[in-house]
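So the chains spell out like this:
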Amino acid sequence: LRLREQEDLQLQHAAIRPAALLPNALVARILLRRDEAAAARQFNARAEALLNTAALGQNVAQASSVRTFYIAVAWLESNAPETLRLVEAAAAAIADVRVEEQPAFRSVLVGFYLALGRLQQAEDQARQILRPNVQHNYLAWVFSERGDIARLRAHMRAPNPGGLDF
């Protein structure tokens, strides 16, 4: 199937399963990519309502996507000040996020901080990712974006505590 057909199937799936986190989270992002922000907000609102009641299981990344939806909206609307405000609010509220969600949530924050040119905040968030191999990779990304080749090389030469070396 082509991408558009796959996305249309996701839309149908979310319509059939309105009380399921994953389909609603996916459709919210699909509609956001299609520049259908109003409809995307509706599906994200459904997913948000399910966050506190759902057993996340394999849906940890989607939970982070739901929690950072409005950051993505602000970014896509080229509203850097609002994006930064929302990213900083999300970073300040990370203690309210379930422990199992935090690595994926922080990973999203790293990406937005980098996109905003906030390299120190990106590094701070990357250092707080508790999964060693994930932290290792995000720190490499930060050093690369910073253009700090010496630090990137030193980082890549150090053993990856997660056991997955470059």
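Attention in this report is confined to the structure presented alongside it. (Residues numbered from 1 in each chain as written. Predicted model: local features only at pLDDT ≥ 70, side-chain atom pairs only at ≥ 80, totals over all residues. Heavy atoms only, no water.)

## Digging into the overall build of the protein
Let me state the cut-off plainly: Working definition: helices are DSSP H or I runs of at least four residues, strands are E runs of at least two. Numbering for both runs from the N terminus. Note on contacts: a residue pair qualifies if any of its non-hydrogen atoms lie within 4.5 Å across the two residues. Here the Shrake-Rupley method, with its probe set to 1.4 Å, supplies the accessible areas, and only the displayed protein chains count as covering residues.
What the protein contains, in helices and strands, is 10 helices and 0 strands. Ordered by position from N to C terminus, the α and β elements of the protein give α-α-α-α-α-α-α-α-α-α. Long-range contacts, defined as pairs at least 24 residues apart, comprise 52% of the intrachain contacts of the protein with a sequence gap of at least 6. For the protein, the computed accessible surface area is about 9,100 Å², with 54% contributed by carbon and sulfur atoms.

## Examining the side chain of Arg-106
As a reminder of what qualifies: Type-normalised accessible area, obtained with a 1.4 Å probe on protein chains alone, sets the label of each residue: buried when under 20%, exposed when over 50%, and partly exposed for intermediate values. Positive: Lys, Arg. Negative: Asp, Glu. His and the chain ends are not part of the count. Criterion for a salt bridge: a side-chain nitrogen of Lys or Arg within 4 Å of a carboxyl oxygen of Asp or Glu.
Take Arg-106: it is sitting in helix H7 (residues 102-115). Despite its burial, Arg-106 remains without a salt bridge, the nearest opposite charge being carried by Asp-124 at 9.3 Å. When neighbours within four sequence positions are excluded, Arg-106 is seen to be in contact with Ile-94, Gln-125, Gln-128 and Ile-129.

## Points about the side chain of Glu-7
Our working definition: Polar contacts, as used here, are pairs of N or O atoms within 3.5 Å; protein pairs need one atom able to donate a hydrogen and one able to accept it. Residues neighboring in sequence count only if both atoms are side-chain atoms.
Checked against the element boundaries, Glu-7 lands in helix H1 (residues 3-16). What makes Glu-7 buried here is its relative accessible area of 9%. At 3.1 Å, the side chain of Glu-7 forms a polar contact with the side chain of Arg-34. Setting aside anything within four residues of it in sequence, one finds Glu-7 in contact with Ile-30, Arg-33 and Arg-34.

## Looking at the packing of helix H8 (residues 119-127) against helix H9 (residues 132-146)
What counts, and what does not: Fitted lines through C-alpha atoms give the axes, limited to the stretch in contact for helices. The angle between two N-to-C directions lies from 0 to 180 degrees. Should an angle lie under 35 degrees it is considered roughly parallel, over 145 roughly antiparallel, and from 65 to 115 roughly perpendicular; all remaining angles are considered oblique. Crossings are assigned a handedness: left-handed for a near helix turned anticlockwise from the far helix by less than a right angle, right-handed for a clockwise turn. When residues are sorted by character, Ala, Val, Leu, Ile, Met, Phe, Trp, Tyr, Cys and Pro go into the nonpolar class, Asp, Glu, Lys and Arg into the charged class, and all the rest, Gly among them, into the polar class.
Close contact between H8 and H9 brings their axes to 9 Å; oriented N to C, the two are set at 170°. Our classification of the angle between H8 and H9 gives roughly antiparallel. For the pair H8 and H9, the sense of crossing is left-handed. Across the interface between the two elements, Leu-119, Gln-120, Ala-122, Glu-123, Ala-126 and Arg-127 of H8 pack against Gln-135, Tyr-138, Leu-139, Val-142, Phe-143, Glu-145 and Arg-146 of H9. In terms of residue class, the contact of H8 with H9 is made up of 7 nonpolar, 2 polar and 4 charged.

## A few points about the packing of aromatic side chains
Under the convention used in this document: Each Phe, Tyr or Trp ring, with Trp reduced to its six-membered ring, pairs with another whose centre is within 6.5 Å; inter-plane angles below 30 degrees give stacked pairs, above 60 give edge-to-face pairs, and intermediate values give tilted ones.
Under the defined criterion, the tally for this structure stands at 2 aromatic pairs. Judged by centre distance (5.0 Å) and plane angle (90°), the ring pair of Phe-69 and Tyr-70 falls under edge-to-face.

## Topic: helix H5 (residues 69-76)
Among all positions in H5, only Phe-69, Ile-71, Ala-72, Val-73 and Ala-74 are buried. Positive backbone phi, at 55°, marks Ser-78, one or two positions downstream of H5.

## Some words on the pattern of salt bridges
Inspection of the entire model under this criterion finds 12 salt bridges. Across the pair Arg-34 and Glu-7 runs a salt bridge whose closest N-O atoms are separated by 3.1 Å. Taken as a pair, Arg-34 in the loop between helix H2 (21-33) and helix H3 (37-51) and Glu-7 in helix H1 lie far apart in primary sequence, 27 residues in all. Glu-7 matches Arg-34 in its accessibility class, with the two residues each being buried. The residue Arg-127 makes a salt bridge to Glu-123 at a minimum N-O spacing of 3.0 Å. Here Glu-123 and Arg-127 lie together in helix H8, a separation of 4 residues that amounts to about one turn. The class of Arg-127 is partly exposed, set by a relative accessible area of 40%. The buried category is assigned to Glu-123, whose relative accessible area is 4%. Counted as one network, the salt bridges with shared partners bring together Arg-4, Glu-7, Asp-8, Arg-33 and Arg-34.

## Re unusual backbone geometry
Its identity as a non-glycine residue notwithstanding, Asp-35 has a phi of 65°, on the positive side. Here Asp-35 is to be found in the loop between H2 and H3.

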